[in-house]
Amino acid sequence: MKILVQATTPEGTFILQGLPNKAGFLGKLVLESIEARDLKDACRRATATIGGFLSTVAVYSDIPLHVYQVDATEHSTGNTAVLYVNSYAPAAPGRLPATGLDPEFRLYAALYREALGSNSPSYQFLCLFKIIEGIQARNVRKVRESLEQGLPVPSKPRELIPATKADQLAWLATFFPPATSWDEMTLESTFPAEAVGKKVNRVIEDILRPVRDQVAHTFLDSGEATFSIDDPKERDAVLHWLPLTKCIARALIRNEFPGVFS
């Protein structure tokens, strides 16, 4: 048995077909037609339309609902596109530092695990940016403490977002597990053209922080909500920068706690 749902969104009014899974619960939503510039835009618009419906159902039913895959087909050409949430492959726990785990490192590790465990890109982004922000503040504190004690000021490497594939792979290898694989599509989405060749700190302040402020305004600030995670335009900014934000967070953890990834 299928259900029909009318969804009214900023993109228009659409009829969604709800199809059951093997257990008889809602497993798939079908949007027959939507106007879009291209397949990627169609996926974004469809996800926004379906996301709005699922958010409403989540409120009424008090259950979590996630979109794990979006399939789009262009009517005129038959070309298809698929967006999906990839599951994590089995992995070994890794080699922990012989000297034990730094108590301060555990603070950032907890935030990182919180990000990985969330299905919300916006919340993931906030957790990862909190790692970045926290390590920046930690560096300022350590410099101040060194000056107060008359000790040499600790220095950190100044990094650029690598521009070539070879440099990108070499950079990623310094803070991701050795078995991590990177195909062309993943590298392209991890290193947006607007960021390559720029200093990491400039990317943080000029690009990532404005996105963080926009998201945090809805999650943390007082007042009315102005940011919708179901809005494709708003959601795009988070999704666009989330992979690189994750990499920068890991790079700063590597610099701050050298023994972690060695």
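Conventions we followed
Residues numbered from 1 in each chain as written. Predicted model: local features only at pLDDT ≥ 70, side-chain atom pairs only at ≥ 80, totals over all residues. Heavy atoms only, no water. Pairing = 2+ DSSP bridges. Helix = DSSP H or I, 4+ residues; strand = E, 2+ residues; numbered from the N terminus. Salt bridge = Lys/Arg side-chain N within 4 Å of Asp/Glu carboxyl O. Buried < 20%, exposed > 50% of the residue type's maximum accessible area, 1.4 Å probe, protein only. 1 Å grid on protein atoms, 1.4 Å probe; cavity = no way out; pocket = protein on both sides within 12 Å on 5 of 7 lines; lining within 4 Å. Points joined across faces, edges and corners; volume = space filled by probe spheres on them. Bend = angle between axes of the 7 residues up to and from the residue. pLDDT = per-residue confidence, 0-100. Core = buried A, V, L, I, M, F, W, Y, C linked by side-chain atoms within 4.5 Å. Contact = heavy atoms within 4.5 Å. Polar contact = N/O pair within 3.5 Å; in protein donor to acceptor, adjacent residues only side chain to side chain. Phe/Tyr/Trp six-rings, centres within 6.5 Å; stacked < 30°, edge-to-face > 60°. Axes fitted to C-alpha atoms, helices over the stretch in contact; angles between N-to-C directions. Parallel < 35°, antiparallel > 145°, perpendicular 65-115°, else oblique. Left-handed = near helix turned anticlockwise from the far one by under 90°. Nonpolar A, V, L, I, M, F, W, Y, C, P; charged D, E, K, R; others polar.

**Q** I'd love a proper account of the pairing of strand E3 (residues 26-31), names of residues and values included.
**A** Two elements, strand E2 (residues 12-20) and E3, share 5 bridges in a ladder whose sense is antiparallel. Its bridge partner lying in E3, Gln 17 is registered against Val 30. Connecting the antiparallel pair E2 and E3 is a turn made up of 5 residues, with Gly 24 showing a positive phi of about 90°.

**Q** Now, about the pattern of salt bridges: what can you tell me, with residues and values included?
**A** According to the stated counting rule, one finds 10 salt bridges in the structure shown. With its nearest N and O atoms 3.0 Å apart, the salt bridge here joins Glu 104 to Arg 141. One end of the pair, Glu 104, is in helix H2 (residues 103-116); the other, Arg 141, is in helix H3 (residues 121-149), with 37 residues separating them in the sequence. Of the residues examined, Glu 104 reaches a relative accessible area of 27% and is grouped as partly exposed. Among the salt bridges present, the one from Glu 184 reaches Lys 165, with a minimum N-O distance of 2.9 Å. Note that Glu 184 is positioned in helix H5 (residues 184-190) and Lys 165 in helix H4 (residues 165-172), a separation of 19 residues in sequence. On the accessibility criterion, Lys 165 (41% relative accessible area) is partly exposed. The network of salt bridges with common partners includes Glu 104, Arg 138, Arg 141, Glu 145 and Glu 256.

**Q** Can you break down the environment of Asp 206 residue by residue, with the values?
**A** Inspection of the secondary structure assignment puts Asp 206 in helix H6 (residues 200-219). Relative accessible area serves as the criterion here: at 47%, Asp 206 is assigned to the partly exposed category. It is 10.0 Å that separates the C-alpha atoms of Asp 206 and Ala 195, two residues lying 11 residues apart in sequence.

**Q** Outline the layout of surface pockets, supporting the account with residue identities and numerical values.
**A** The computed volume of the second largest pocket comes to approximately 1,100 Å³. Every residue lining the second largest pocket is counted, 34 residues in all, and those nearest its centre are Leu 29, Val 30, Ile 50, Gln 69 and Asp 71. Mapped by element, the contributors of at least two residues to the lining of the second largest pocket are E3, helix H1 (39-61) and strand E4 (69-73).

**Q** How would you summarise H6 if you had to cite specific residues and measurements?
**A** Residue Leu 208 marks the point of greatest curvature in H6, where the axis turns by about 45°; the proline Pro 210 follows within four residues. Along H6, the positions that sit buried rather than exposed are Val 200, Val 203, Ile 204, Ile 207, Leu 208, Arg 209, Val 211, Val 215 and Ala 216.

**Q** I'd like a rundown of the confidence of the model for the protein, residues and numbers included.
**A** The predicted model of the protein has a mean per-residue pLDDT of 83, with 86% of residues at 70 or higher. The spread of mean pLDDT over the elements of the protein runs between strand E5 (residues 80-84), the lowest at 69, and H4, the highest at 95.

**Q** Please provide a residue-by-residue account of the nonpolar core, values included.
**A** Counting 40 residues, the largest nonpolar core has Trp 171, Leu 208, Leu 244 and Ile 248 as the members making the most contacts within it. The set of elements that each furnish at least two residues to this core consists of H2, H3, H4, H6 and helix H7 (232-256). Broken down by element, the residue count for this core peaks at 10 residues, all from H7. Excluding anything up to four places from it in sequence, Leu 208 contacts Phe 125, Phe 129, Ile 132, Val 203, Trp 241, Thr 245 and Ile 248. Counting residues in each nonpolar core, the second largest holds 10 residues, with Val 5, Leu 29, Leu 31 and Ile 50 among its members.

**Q** Describe the side chain of Ser 146, naming the residues involved and giving the relevant values.
**A** Assignment of secondary structure puts Ser 146 in helix H3. On the basis of relative accessible area, Ser 146 is assigned to the buried category, the value being 11%. Separated by 2.9 Å, the side chain of Ser 146 and the backbone oxygen of Lys 142 make a polar contact.

**Q** Lay out the packing of aromatic side chains in plain terms, naming residues and giving numbers.
**A** This structure, assessed with the given rule, holds 7 aromatic pairs. With 6.3 Å between their ring centres and 15° between their planes, Phe 125 and Phe 129 make a pair best called stacked. With Phe 125 and Phe 129 both in helix H3 and 4 residues apart, the pair spans about one turn of that helix. Ring geometry for Trp 171 against Phe 191: centres 6.0 Å apart, planes inclined by 55°, an arrangement best described as tilted. With Trp 171 in helix H4 and Phe 191 in the loop between H5 and H6, this pair connects stretches of sequence that are 20 residues apart. For the pair formed by Trp 171 and Phe 191, the shared burial category is buried.

**Q** Now, about the packing of H3 against H6: what can you tell me, with residues and values included?
**A** Relative to each other, H3 and H6 sit at 130°, their axes nearing to 10 Å. Taken together, the axes of H3 and H6 are oblique relative to one another. Both H3 and H6 take part in a crossing whose hand is left-handed. When H3 is examined against H6, the residues Ser 122, Phe 125, Leu 126, Phe 129, Ile 132, Glu 133 and Gln 136 are found in contact with a partner set consisting of Asn 201, Ile 204, Glu 205, Leu 208, Arg 209, Val 211, Arg 212, Val 215, Ala 216 and Phe 219. Here the residues of the contact of H3 with H6 are counted per class, giving 10 nonpolar, 3 polar and 4 charged.

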